[in-house]
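Per-entry structural report
Spelled out from the first residue to the last, the chains are:
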Amino acid sequence: MDTDKNKKSVQICVYQCPILSEKALANNRSRTYDPKCMNETFTHLRVHSHYTLLGATATVEQLVARAANQALPALALTDGAALYGAVAFNRACLAAGIQPVLGMTLRVTLPEAMNLPGPGWGELVLLAKDSVGYRSLCGLSSLMQGSGQREQILRQGLDWDELRPFTPHLIAIDSGKTGWLARLVAAGQPKLAARYASRLAGLFESDGYLGVTIQQPADVALAREASSVAARFGLQAAALQPIFCLEPDEAPRLRLLAAIDQNCHLTEVPAESLPGGGGADAELHWLPAETVAERFADLPEAVATVGKIVAKCEPALPDGRPIWPKLDLPAEQTVEDALAAAAQAGLREKYGPSPDSSIFARLEKEIASINRYGFAPLFLLVADITRFARETAVPVNTRGSVANSLVAYCLGITQVDPIANELLFERFLNPARANLPDIDLDFCSRRRDEVLNYVREKYGEDRVALVATISTMQPTSAVRETAKAHGLPEAEIKALTALLPRGWASRSAPPQRKTAGRCAGRGGRRGAA
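If you're wondering where the values come from, they're calculated on a predicted model, not measured in any experiment.

Moving on, we get to the packing of aromatic side chains. Summed over the entire model, instances satisfying the criterion amount to six aromatic pairs. Taken together, a centroid distance of 6.1 Å and an interplanar angle of 70° make the contact between Y351 and Y409 edge-to-face. You can see Y351 sitting in helix 14 (residues 335-351) and its partner Y409 sitting in helix 17 (residues 406-410), a full 58 residues away along the chain. Pairing F388 with Y454 gives two aromatic rings, centres 4.1 Å apart and planes at 5°, and the pair type is stacked. Of the two residues, F388 sits in helix 16 (residues 376-391) while Y454 sits in helix 18 (residues 448-459), which places them 66 residues apart along the sequence.

Using the criterion set out here, one finds 17 salt bridges in the structure. Note that D207 and K129 form a salt bridge whose closest N and O atoms lie 3.0 Å from each other. Of the two residues, D207 is situated in the loop between helix 9 (190-204) and strand 5 (208-212) and K129 in the loop between strand 3 (122-128) and helix 6 (131-145); the sequence distance between them amounts to 78 residues. With a relative accessible area of 10%, D207 lands in the buried category. The structure contains a network of salt bridges with shared partners spanning D384, R387, E391 and K458.

Strand order in the open sheet formed by six strands is 1-2-3-4-5-6, with mixed pairing between adjacent strands. The sheet is open, and its two borders are formed by strand 1 (74-77) and strand 6 (236-239), each paired with just one other strand. Going from strand to strand, the sheet's axes swing by 35° on average, the running direction of each strand aside. Bridging between strand 3 and strand 4 (residues 170-174) involves five bridges; their strand directions are antiparallel.

It is worth spelling out the confidence of the model for the chain at this point. Do not read the predicted coordinates in detail wherever pLDDT is low. Taken as a whole, the chain shows an average pLDDT of 85; of its residues, 86% reach a score of 70 or greater. In this model residues 1-37 is a low-confidence stretch, pLDDT under 50, and it forms 45 contacts with partners more than four residues away in sequence or in other chains. In the predicted structure, residues 506-529 sits below a pLDDT of 50 and forms 81 contacts with residues beyond four places in sequence or in another chain.

Attention now goes to helix 9. In this model helix 9 runs 21 Å from its N-terminal to its C-terminal C-alpha over 15 residues, within 8% of the 21 Å that 1.5 Å per residue would give. Restricting attention to buried positions, one finds in helix 9 the residues L192, A193, A194, Y196, A197, L200, A201, L203 and F204. On the buried face of helix 9, the contacting elements are strand 3, strand 4, helix 8 (180-186), strand 5 and helix 10 (218-231). In the segment just after helix 9, E205 is the residue with positive phi, at about 50°.

With that settled, consider unusual backbone geometry. Even without being a glycine, A81 presents a positive backbone phi close to 60°. In this fold, A81 is placed in the loop between strand 1 and helix 5 (86-96). For A81, a relative accessible area of 7% translates into the label buried. A positive phi angle is found at N263, which is not glycine, with a value near 55°. Within the fold, N263 resides in the loop between helix 11 (251-262) and helix 12 (289-295).

Two numbers describe a pair of packed helices, the interaxial angle and the distance between the axes. Put simply, helix 19 (residues 475-485) and helix 20 (residues 490-498) touch, their axes get as near as 10 Å, and they point 150° apart. As judged from the angle between their axes, helix 19 and helix 20 are roughly antiparallel. Handedness of the crossing formed by helix 19 with helix 20: right-handed. In this structure, helix 19 contributes T476, V479, R480, A483 and K484 to the contact, and helix 20 contributes E490, I493, K494, L496 and T497. Here the contact of helix 19 with helix 20 is built from residues that sort into four nonpolar, two polar and four charged.

Moving on to a nonpolar patch on the surface. A surface patch of nonpolar side chains, amounting to about 270 Å² of accessible area, comprises L488, L496 and L499. With respect to the element layout, L488 can be found in the loop between helix 19 and helix 20.

Glancing now at the pairing of strand 3. Within strand 3, seven of the seven residues are buried, which leaves the element mostly enclosed by the surrounding structure. Burial of the side chains of strand 3 extends over both faces: G122, L124, L126 and A128 are buried on one face and E123, V125 and L127 on the other. Of the strand pairs in this sheet, strand 2 (residues 99-108) and strand 3 are connected by six bridges, and their pairing is antiparallel. Paired with T105 across the two strands is V125, which belongs to strand 3.

Let us now look at the packing of helix 16 against helix 18. Closest axis-to-axis distance for the helix 16/helix 18 pair is 10 Å, and the angle between their directions is 130°. Between helix 16 and helix 18, the angle falls in the class oblique. Our pair here, helix 16 against helix 18, has a crossing hand that is right-handed. Every residue of helix 18 that contacts helix 16 at L381, D384, I385, R387, F388 and A389 is listed here: E450, V451, Y454, V455, K458 and Y459. Looking at the contact of helix 16 with helix 18 residue by residue, the classes come out as eight nonpolar, no polar and four charged.

Here we take up the side chain of Q70. Of note, Q70 is situated in the loop between helix 4 (60-69) and strand 1. Residue class for Q70 comes out buried when judged on its relative accessible area of 16%. A distance of 3.0 Å separates the side chain of Q70 from the side chain of W286, its partner in a polar contact.

Rules used throughout
Residues numbered from 1 in each chain as written. Predicted model: local features only at pLDDT ≥ 70, side-chain atom pairs only at ≥ 80, totals over all residues. Heavy atoms only, no water. Phe/Tyr/Trp six-rings, centres within 6.5 Å; stacked < 30°, edge-to-face > 60°. Helix = DSSP H or I, 4+ residues; strand = E, 2+ residues; numbered from the N terminus. Salt bridge = Lys/Arg side-chain N within 4 Å of Asp/Glu carboxyl O. Buried < 20%, exposed > 50% of the residue type's maximum accessible area, 1.4 Å probe, protein only. Pairing = 2+ DSSP bridges. Axes fitted to C-alpha atoms, helices over the stretch in contact; angles between N-to-C directions. pLDDT = per-residue confidence, 0-100. Contact = heavy atoms within 4.5 Å. Expected span 1.5 Å × (residues − 1). Parallel < 35°, antiparallel > 145°, perpendicular 65-115°, else oblique. Left-handed = near helix turned anticlockwise from the far one by under 90°. Nonpolar A, V, L, I, M, F, W, Y, C, P; charged D, E, K, R; others polar. Patch = residues over 30% accessible without salt bridge, like charges linked within 9 Å, V, L, I, M, F, W, Y side chains within 5 Å. Areas by Shrake-Rupley, 256 points an atom, 1.4 Å probe, with all protein chains shown as cover. Polar contact = N/O pair within 3.5 Å; in protein donor to acceptor, adjacent residues only side chain to side chain.

Written out as structure tokens, the structure reads:
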């Protein structure tokens, strides 16, 4: 399979023979798959990290390390309904020389109401083709995580029609056994399966795919039948192995996490709260590429399709440079000129019309340092926000090293005179470093929404993001929650946690809180330790 000739034969198989003849099946069964070739072409497209909060076990670093160890060229991350781990995953992949594919798995309802055994949702795997696709994912995640019916949507699924505005530059893969198409086929509903396939193809066109999962011998027949329905509407089959943990013996932890999430005993966990729908035969661990190839010996085109999907995916995250909002300035005035004019006006207001030359020199030096790294928009933006707060009598204050800045003082951002208090500007912004300076503002909790509304109205609601805080359990909390899931009485739980060494959490546990942009979802459930 290393030669161009063989690669072309796979392509022909995909287009000309979506359902293989018995002769072709016999040939494929006897084919010897080269593991090295498979590792160079195969990619896991449905992968969950522990950022699928209380739903998966592996860290992004562990997932990327496993992919690198097996020489995979690319890897996807598709956590449930959120993008919390996207940045960390992207960095880890690039450091390991692996192509990152950013995505998300979400539950969706059927396009039309019907009765079907099992949960009332099916799963879609959505992958970003580029930065536009990533913005589509952000919009979808914010729609669900920021909704007042968040828990209901995450549990029951997003309405099909709500997907339409967020389809640009997204690849959609109906998620194998937990997707609608395979479930409808398995339920003996071929007409509804065809209608669903038609809707999926109509919504995503050439970027719509059928995910095929083969874990048991009986899955082959179901995969072939579902592939036949999908092919009628131009949906190609793609090999999909859901990954929620790295090793088979980690699977019981998935039930434990679900019990913690549902606040119930291990034996009372609803099946629909478990990965894979709680099927007894579900395999949810990492499979090597050669194992996937062996299982798809009867459907090799599904493995070939994976490579075509990855080829569509380009870098999706911004390159890290700040993206500033558009400020309301006169056409002929630059942000640098606006900062200098505002700071000099503030200087005269604070120190009189003829300030000491040393003070003026310091202001000019600070302005030069700020402009050197393009931070002028940040200062003008924060000055506008604090101005609004003070004009409307919303209590506001700053904290941290921003008080060391004379420019911030002259703009009205801070109320601390750095000259009188002999504060060094370099403590706030070191000219030798290009790090974005940190300006912390505190608003009255009762009136902070007024400030947020002002920012949304002035700069555009689609350009304003809150920050999510993800709480992670420390060892003591993890032991307590695990004991509760196993049904231990409170007295025993207290006695058990009392045995933990003092200071163990602070020495062995990761930082207690992690943050992610609202585009990755607002708020967060408790995460596993």
